[in-house]
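Breakdown of the fold
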Amino acid sequence: MALSKEDILQEALSLLNESGLEGVTLRKLASRLGVQAPALYWHFKNKAVLVNEIAEAILQKEFAEIKPRGEGESWKEWLIALLNRLRKAMLAYTDGGRVVAGAHLSLTMADLSEAAIKTLCEAGVSLRESRLIVLTAVHYTFGRVIEEQSPPPKEGLERFDAERFKQDHPYMMAGIEEYFGSGRTVDDLFNDGLRLIVDLRNAD
């Protein structure tokens, strides 16, 4: 029986979780599916097309529907909630941030950005500001997730002099200790960064 596009994508998602983005190849995917690589070219002519479709599959699990802004809900809180869903979708898969950020032809990301810009415009934000706010917030979300999914190498940690680092970067370390010492989490850090972005239009 011929493989469906959906079957191939489900196996590709499993391979992504096991091996990361670098481990996802058409040859390896074909081997797992018990077929020759050319059999996959009917659906995906190269890895770039495959990765774009993987990104779509990741996003569709969270964004099959984009919830509109509720009555009385501020556009800022709506946008922050939307980007938390984007972060959640990417964190659900190994290298999900790299996959989605690199999917420049993703229609789901285009739909998400369109809905966000439209929502801000309807709330009274200018088109120019709406686009810049959404673009900056999305890029921040991409970067934050990619960083979260890129831990430092063990070899580097073994040679890392923590005490010297603290001595050389006192303000940086004091800021980190002050922030997390009060019980805040990495989720709080993500949302506080988003609030800085959406509040910039009100800054002097």
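Residues numbered from 1 in each chain as written. Predicted model: local features only at pLDDT ≥ 70, side-chain atom pairs only at ≥ 80, totals over all residues. Heavy atoms only, no water.

Turning to the packing of aromatic side chains, a few remarks are in order. All told, the structure shown has three aromatic pairs when counted by the stated rule. For the ring pair phenylalanine 160 and phenylalanine 165, a centre distance of 5.4 Å and an interplane angle of 50 degrees mean the geometry is tilted. Over the aromatic face of phenylalanine 190 sits the side chain of arginine 87, whose NZ or CZ is 4.9 Å from the ring centroid. (Phe/Tyr/Trp six-rings, centres within 6.5 Å; stacked < 30°, edge-to-face > 60°. Lys NZ or Arg CZ within 6 Å of the ring centre and 35° of its normal.)

This brings us to the layout of surface pockets. Each pocket or cavity is described by its volume, and for the largest pocket that value is around 300 Å³. What lines the largest pocket is a set of 16 residues, and nearest its centre among them are Met109, Ser113, Leu135, Val138 and Phe142. Going through the elements one at a time, helix H5 (96-101), helix H6 (107-122) and helix H7 (127-148) are the ones with two or more residues in the lining of the largest pocket. Of all the elements, H7 adds the most residues to the lining of the largest pocket, at six residues. When its residues are assigned to classes, the lining of the largest pocket shows 11 nonpolar, four polar and one charged. Taken as a whole, the second largest pocket encloses approximately 160 Å³ of empty space. Contributing to the lining of the second largest pocket are Pro152, Leu157 and Phe160. (1 Å grid on protein atoms, 1.4 Å probe; cavity = no way out; pocket = protein on both sides within 12 Å on 5 of 7 lines; lining within 4 Å. Points joined across faces, edges and corners; volume = space filled by probe spheres on them. Helix = DSSP H or I, 4+ residues; strand = E, 2+ residues; numbered from the N terminus. Nonpolar A, V, L, I, M, F, W, Y, C, P; charged D, E, K, R; others polar.)

Looking now at the packing of H7 against helix H11 (residues 186-199). At a closest axis distance of 10 Å, the pairing of H7 and H11 adopts a crossing angle of 160 degrees. As far as their axial angle goes, H11 and H7 are roughly antiparallel. By crossing handedness, the relation of H7 to H11 is classed as right-handed. Note on element contacts: H11 touches H7 through Val186, Leu189, Phe190, Gly193, Leu194, Ile197 and Val198, opposite Ile133, Thr136, Ala137, Tyr140, Thr141, Arg144 and Glu148. Here the contact of H7 with H11 is composed, by residue class, of nine nonpolar, three polar and two charged. (Axes fitted to C-alpha atoms, helices over the stretch in contact; angles between N-to-C directions. Parallel < 35°, antiparallel > 145°, perpendicular 65-115°, else oblique. Left-handed = near helix turned anticlockwise from the far one by under 90°. Contact = heavy atoms within 4.5 Å.)

On to the packing of helix H4 (residues 75-91) against H11. The contact between H4 and H11 brings their axes to 10 Å, and the two run at 135 degrees. Comparing their axes, H11 and H4 come out oblique. Of the two possible hands of crossing, H4 and H11 adopt the one that is right-handed. Packed against H4, whose contacting residues are Trp75, Lys76, Glu77, Leu79, Ile80, Leu83, Asn84 and Arg87, the element H11 presents Val186, Asp187, Phe190, Asn191, Leu194, Arg195, Val198 and Asp199 at the interface. Taken together, the residues of the contact of H4 with H11 sort by class into eight nonpolar, two polar and six charged.

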